[in-house]
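Understanding the architecture of this molecule
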Amino acid sequence: MRLNSGLLSLEEAYVFAEVRQRTQRFSAGRPEVKLISLGIGDVPGPLCPAVTRAMRRAVKEQGRQKSFHGYGPEQGYPFLRQQIAASLTATGAPVQPREVFINDGAKTDLGGLLDLLEPGSRVLLCDPTYPAVWDDCLIRGLEPVRLPADEGNDFLPMPPPGKPDLDAVYLCSPANPTGAVYNRAQLSAWVEYARANELLILFDAAYAPFISDPALPRSIYEIPGAHRCAIEIGSFSKLAGFTGTRCGYAILPCELIVRGYPLQTLWARRQSARTNGVSYVVQCGAAAVYSPAGRRQTAKSIARISENAALLAETLKAAGLSYWGGRHSPYLWVKCPRGLSSWAFFDFLLEYGGVVGTPGVGFGAAGEGYFRFSAFGDPAQLQIGCNRLLRAMDYLR
Ligand code: MLT
């Protein structure tokens, strides 16, 4: 048997797994310290009542002969595809239901969509970036190409000059990990660049629900021309607390045609070979997010997380740390103090604050010397975490 050399080339541990291991090691030695997690972007829960009610109803349906559902459509149930399309269209990003493909969370399709590319294709990725995409490129035999996202460009890199030797670009806005958000003009420049050079944009909109300024685009389809060059990936994870329930979607516009092939048709074919879709119960829960009650309830939890982000931002400012993000984003990107490396700052905060964050270097080489805080989490716990952070920083003065 020959092993996948791309898989063998991955960093030994995925950043969040490494954080978990180090945290567990710390807790084993210091069980009296109750750690506060400002690390992974996991939601504190619970699912909102509109969602759980819809899921309970769906479970009952599955328990009765006359309403039982077996295999569903691979691309998702029409009732959910319609809701997603209508919601995007209502906010200025025209999408048709048949362009929506339901998945079990953004991560699955961020990797899976790379199957549209021939092995050896070159994919431009911001550095730092969401590490799963980098890894997925390697696993699939694609070549990731780094695009520095740094203080010089406010962590919002623009298309590189010259004729690119590229096949695709992955963009995330609001960005994980830096919290930076592209404005309309910047995103338009990317769309123009992709169209002029016949590149595919994979646009990760998982954090779009945190954008509260209507002047900022929440979807790439708000930008003219994007339907011809971009696939968008959305998620219920951060929008409605589905990190443990798993549901998301990819949009493949009818107009997205490459070398005469509609990507939507290719993707539908690929999906029919690779998946039997997402469970009926979960899709009923996701559809309930768009009910009036679901919208109200999810808006409340997004507002809570945004308040958490504002509190974290104040804390970082009070601690004298340089940071980016935290507005229209649940992530804050911090420059490690005193020239500490990302992991040294991680160890310091664990030791002196009992606070867990995520080392920036886990998101790419350019993340070395930076650190990510996540504003997900229970507000009371986050307040304690902020107080501890401030006290810990005293040790460095
Ligand atoms: C993160 O913390 O970056 C995310 O929660 C990870 C994910 O969405 O898989």
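Residues numbered from 1 in each chain as written. Predicted model: local features only at pLDDT ≥ 70, side-chain atom pairs only at ≥ 80, totals over all residues. Heavy atoms only, no water.

1. Notes on the overall build of the chain
- The secondary structure content of the chain amounts to 13 helices and 15 strands.
- Principal-axis analysis of the C-alpha atoms places the extent of the chain at approximately 60 × 55 × 55 Å.
- Out of the 397 residues belonging to the chain, those deemed buried represent 54%.
- When contacts within the chain are restricted to residue pairs at least 6 apart in sequence, those whose partners lie at least 24 apart make up 72%.
- Accessible area of the chain: about 17900 Å², with a carbon and sulfur share of 52%.
- The distance from the centre of the 41 positive side-chain charges to the centre of the 35 negative ones in the chain is 8 Å. (Helix = DSSP H or I, 4+ residues; strand = E, 2+ residues; numbered from the N terminus. Buried < 20%, exposed > 50% of the residue type's maximum accessible area, 1.4 Å probe, protein only. Contact = heavy atoms within 4.5 Å. Areas by Shrake-Rupley, 256 points an atom, 1.4 Å probe, with all protein chains shown as cover. Lys, Arg positive; Asp, Glu negative; His and termini not counted. Charge placed at Lys NZ, Arg CZ, Asp CG, Glu CD.)

2. Looking at the site of the ligand
- Every residue near the ligand is listed here: F16, I40, G41, Y130, N176, Y207, K238, Y331 and R372.
- Within the backbone of G41, one N or O atom sits 2.6 Å away from an oxygen atom of the ligand.
- In this structure, N176 approaches the ligand through a side-chain N or O atom, which is 2.8 Å from an oxygen atom.
- Within the complex, the protein chains bury 83% of what would otherwise be the 270 Å² of accessible surface of the ligand.
- Residue composition of the shell around the ligand, by class: 5 nonpolar, 2 polar and 2 charged.
- Summarising the domain contributions, the shell around the ligand has at least three residues from each of domain 1 (5-46 + 294-392) and domain 2 (49-292). (Near = heavy atom within 4 Å. Polar contact = N/O pair within 3.5 Å; in protein donor to acceptor, adjacent residues only side chain to side chain. Nonpolar A, V, L, I, M, F, W, Y, C, P; charged D, E, K, R; others polar. Domains from an automatic or database assignment.)

3. So, the sheet that holds strand β15 (residues 370-374)
- Across the sheet, 4 strands lie side by side as β11-β12-β15-β14; this open sheet has antiparallel pairing. The sheet is open, and its two borders are formed by β11 (323-325) and β14 (358-359), each paired with just one other strand.
- Pairing geometry for β14 and β15, over 2 bridges, is antiparallel. Note that in β15 the partner of P359 across the bridge is F371.
- Contacts from helix α12 (residues 342-353) reach β14 and β15, with the element oriented near 50° to β15. (Pairing = 2+ DSSP bridges. Axes fitted to C-alpha atoms, helices over the stretch in contact; angles between N-to-C directions.)

4. Quick notes on the packing of aromatic side chains
- Counted under the stated rule, the structure contains 24 aromatic pairs.
- Ring centres of Y77 and Y280 lie 5.3 Å apart, and the angle between their planes is 75°; this geometry places the pair in the edge-to-face category. Of the two residues, Y77 sits in the loop between α3 (49-62) and α4 (78-90) while Y280 sits in helix α10 (residues 280-288), which places them 203 residues apart along the sequence. Y280 carries the same exposure label as Y77, and that label is buried. (Phe/Tyr/Trp six-rings, centres within 6.5 Å; stacked < 30°, edge-to-face > 60°.)

5. Here we look at the nonpolar core
- I84, I201, F236 and F373 are the most contacted members of the largest nonpolar core, which has 130 residues in total.
- Mapped onto the domain boundaries, this core takes at least three residues apiece from domain 1 (5-46 + 294-392) and domain 2 (49-292).
- If near-sequence neighbours (up to four positions away) are discounted, I84 is found in contact with V100, I102, F236, Y249, I251 and Y290. (Core = buried A, V, L, I, M, F, W, Y, C linked by side-chain atoms within 4.5 Å.)

6. Quick look at the sheet that holds strand β5 (residues 168-172)
- One open sheet accounts for 7 strands, arranged β2-β8-β7-β6-β5-β3-β4; its pairing is mixed. Because the sheet does not close on itself, it has two edges, and the strands there are β2 (100-103) and β4 (143-148). Put simply, the sheet's adjacent strands are angled 25° from each other on average, direction ignored.
- Against the sheet, α4 engages β2, β7 (230-235) and β8 (248-251), with an angle of about 120° to β2.

7. Quick word on the domain arrangement of the chain
- The assigned domain composition of the chain is domain 1 (5-46 + 294-392) and domain 2 (49-292).
- Each of domain 1 and domain 2 has a C-alpha centre, and these two points are 25 Å apart.
- Taken together, the contact pairs 35 residues of domain 1 with 42 residues of domain 2.
- Carbon and sulfur atoms supply 60% of the area that domain 1 and domain 2 bury against each other, a total of about 3100 Å² over both sides.
- Our enumeration of links across domain 1 and domain 2 arrives at 1 salt bridge.
- For K335, the salt bridge identified is with E151, shortest N-O distance 2.8 Å.
- Put simply, domain 1 and domain 2 have 18 residue pairs in polar contact (both at pLDDT 80 or more) between them. (Buried area = accessible area lost by both parts, 1.4 Å probe. Salt bridge = Lys/Arg side-chain N within 4 Å of Asp/Glu carboxyl O.)

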